[in-house]
Every structure is written in structure tokens, then in C-alpha cells.
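# Reading the structure
Spelled out, the chains give:
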Amino acid sequence: MHMEQTLILMKPDTIEKHLTGLVLSRLEALGLEIVAAKATVTTRALWEEHYANLKGKPFLNSVIDFMMGNFNHLPDHRIYAFVLRGENAISKVRAALGATNPEQADPWTLRGQFGCIKNDVMQNAVHASGTVEDAAREIALWFKPEEILP
Ligand code: IDP
Ligand code: MG
């Protein structure tokens with residue numbers, strides 16, 4: 001067992017549907033501690049860093065447009081970001097999320113239940129770090145050390 005931290009971002013589809021609290025509650029109920037939380041306004045530069053591993057993919061620009069809320073009629077580029085901590089937090093959260101494409105996500109997962117199933121893989125409700133290395137990089141991008149509980 002490994003004590004891990006993972007970055008959670010509520011995507012604009014979840015924010016627009018007022019499901020942030022519900023999704024967070026489901027993740028917290030996995031036995032994880034909320035050790036950082038913020039509402040923040042994002043920029044393209046932030047998303048380019050966040051999705052550095054998608055560089056060169058043909059869909060990267062659409063993903064960034066979506067993440068900035070441009071498809072969801074949000075009044076700004078807001079995102080709700082959290083750090084969750086616990087035993088095997090990264091794999092536990094990823095299991096709770098389900099497959100990247102909500103159409104392929106099991107119906108008991110967050111993406112299976114709350115993702116957009118209109119054949120739109122982008123609108124999959126929530127981001128969570130995929131690996132220990134990604135988690136460290138992403139948490140450092142979204143939070144200052146002093147914003148995270150010791
Ligand atoms: P993940 O979020 O399950 O880790 P990644 O492969 O890291 O999936 O992709 C990051 C995000 O980019 C996905 O959550 C999804 O919103 C979007 N995405 C992934 N693949 C595609 C695609 O083929 N077309 C459009 N968007 C995609
Ligand atoms: Mg990923």
C-alpha cells in the first residue's frame with residue numbers, strides 16, 4: 001500500500017450541471033482526505049502545461065477550449081481543483097472514474113453516470129492524475145505547497 005496524492009479537477013460539464021459536490025463526495029467516500037481545494041480561473045497556458053503529454057494530438061486544442069468552459073456557457077474559465085490523499089489514492093480514484101470515454105465507462109463509475117454520452121469523449125466529468133509522476137507534476141502546477149495540508 002502506498003500513501004498517495006492525486007489531483008482532481010471538476011470539468012466544465014460537471015460544474016455546469018452543479019454536480020461538483022456530488023462527485024467530490026463520491027471520491028471522498030473512497031476513504032480519501034481532502035488536503036487542498038480551490039476555485040480558480042484558468043488560462044490557455046495553464047492547460048498547455050497541464051496537458052503537456054497530449055502535445056501534438058489533433059484534439060488538444062478542442063480539449064483546452066472545452067476545459068476553459070467555452071462549450072458550456074460558463075460565465076468565466078473557472079475550475080474547481082482538489083488534492084485527495086490516501087492509500088493508493090491514484091488507482092482508487094481512477095477506478096471510480098471509469099474509462100476515459102463515458103460511452104465505454106461502466107455504469108457504476110463517475111464517468112459512466114455523469115459523463116456526456118453524446119459520443120463526446122472530452123466531456124467526461126472529472127480529471128484525475130494517472131500516475132505518481134503525473135500527480136506530482138499536476139499538483140505542483142495547480143497548488144502552492146502552502147495550500148496543501150501537511
Ligand atoms: P484521462 O482523462 O482518462 O486520463 P487522457 O488520455 O489523459 O485521458 O486524455 C485527457 C483528456 O483528453 C480526456 O479526459 C478527454 O477529455 C480528452 N480526450 C482524450 N482522448 C480524446 C479524443 O480522442 N478526442 C477528444 N478528446 C479526447
Ligand atoms: Mg490522463
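Scope of this entry: the structure provided in the associated data block. Note that the structure is a prediction, hence the values are computed from the model and not measured.

## Overview of the site of ligand 1
Taken together, Lys-11, Tyr-51, Leu-54, Phe-59, Val-63, Arg-94, Thr-100, Arg-111, Val-121, Met-122 and Asn-124 make up the full set of residues adjacent to ligand 1. Between ligand 1 and Thr-100, the relevant distance is 2.4 Å, taken from an oxygen atom to a side-chain nitrogen or oxygen of the residue. When ligand 1 is considered free in solution it has 520 Å² of accessible area, and contact with the protein chains removes 73% of it. Most atoms of ligand 1, that is more than half of them, are within 2 Å of grid points of the largest pocket. Looking at the shell around ligand 1, its residues break down into 6 nonpolar, 2 polar and 3 charged.

## Let's talk about the layout of surface pockets
Estimated volume of the largest pocket: approximately 420 Å³. If you trace the largest pocket, you find 20 residues lining it, with Lys-11, Tyr-51, Leu-54, Thr-100 and Asn-124 closest to the centre. Counting residues per element, the ones that place at least two in the lining of the largest pocket are strand S4 (126–128) and helix H7 (132–142). Take the lining of the largest pocket: its biggest share by element is 3 residues, from H7. Among the residues making up the lining of the largest pocket, the classes are represented as 7 nonpolar, 7 polar and 6 charged.

## Some remarks on the pattern of salt bridges
Evaluated as defined, the whole model comprises 5 salt bridges. Linking Arg-44 and Asp-65 is a salt bridge whose minimum nitrogen-to-oxygen distance equals 3.1 Å. Placement of the pair is Arg-44 in helix H3 (residues 44–50) and Asp-65 in helix H4 (residues 60–67), with a sequence separation of 21 residues. When its relative accessible area of 30% is taken as the criterion, Arg-44 is described as partly exposed. The exposure class of Asp-65 is partly exposed, given its relative accessible area of 25%.

## Side note on the environment of Gly-130
By secondary structure assignment, the location of Gly-130 is in the loop between S4 and H7. Spatially, the C-alpha atoms of Gly-130 and Arg-94 are 7.1 Å apart, while their sequence positions differ by 36 residues. Ignoring any residue separated from it by four or fewer positions in sequence, one finds Gly-130 in contact with Ile-90 and Arg-94.

## Some words on the pairing of strand S1 (residues 3–10)
Burial within S1 is extensive, with 6 of its 8 residues counted as buried. Two strands pair when backbone bridges link them, and S1 and strand S3 (residues 78–87) are joined in this way by 8 bridges, in the antiparallel orientation. By the bridge assignment, Met-3 is partnered in S3 with Glu-87. Bridge analysis of S1 against S4 gives 3 bridges, and the strand direction is antiparallel. Following the sheet pairing, Met-10 is matched in S4 by Val-126.

## Topic: helix H2 (residues 20–28)
Those residues of H2 that sit buried are Thr-20, Val-23, Leu-24 and Leu-27. Relative to the axis of H2, the buried residues are bounded by an arc of 100 degrees and lie together on one face.

Here is what the cut-offs are and how they apply
Once a new chain begins, its residue numbering starts again from 1 and follows that chain's sequence as written. Labels follow written order: the first chain is A, the first ligand is 1, and so on. Under the rules for a predicted model, residues below a pLDDT of 70 receive no local features and side-chain atom pairs below 80 are neither given nor counted, while totals for whole chains, interfaces and linings still include all residues. With hydrogens and water excluded, all non-hydrogen atoms of the structure serve as input to the side-chain values. Near is defined per residue: the residue qualifies when any heavy atom it owns lies within 4 Å of the molecule or strand. Polar contact is the term for a pair of N or O atoms within 3.5 Å; when the atoms are in protein, one must be able to donate a hydrogen and the other to accept it, and sequence-neighboring residues count only if both atoms are side-chain atoms. Each accessible area is a Shrake-Rupley result for a 1.4 Å probe, and residues are judged covered by the shown protein chains and nothing else. Space inside and on the surface of the protein is sampled on a 1 Å grid over the protein atoms alone, with a cavity defined as a set of points where a 1.4 Å probe fits but cannot get out and a pocket as an open set with protein on both sides within 12 Å along at least 5 of 7 lines; lining residues have an atom within 4 Å of a point. Each molecule is assigned to a cavity or pocket provided more than half of its atoms lie within 2 Å of the corresponding grid points. Polarity classes work like this: nonpolar for Ala, Val, Leu, Ile, Met, Phe, Trp, Tyr, Cys and Pro, charged for Asp, Glu, Lys and Arg, and polar for all others, with Gly in that last group. Grid points are joined across faces, edges and corners, and a volume is the space filled by probe spheres set on the points. Here a strand is any run of E in DSSP of at least two residues, a helix any run of H or I of at least four, and the numbering for each starts at the N terminus. Basic side-chain nitrogens of Lys or Arg form a salt bridge, by our definition, when they fall within 4 Å of a carboxyl oxygen of Asp or Glu. The cut-offs for exposure are 20% and 50% of the maximum accessible area for each residue type, with area from a 1.4 Å probe on protein chains only; residues under the lower value are buried, those over the upper are exposed, and the others partly exposed. Whether two residues are in contact is decided by their heavy atoms, any of which lying within 4.5 Å being enough. Note on pairing: two strands pair once DSSP finds at least 2 bridges between them. By construction, the arc corresponds to the directions joining the helix axis to the C-beta atoms.

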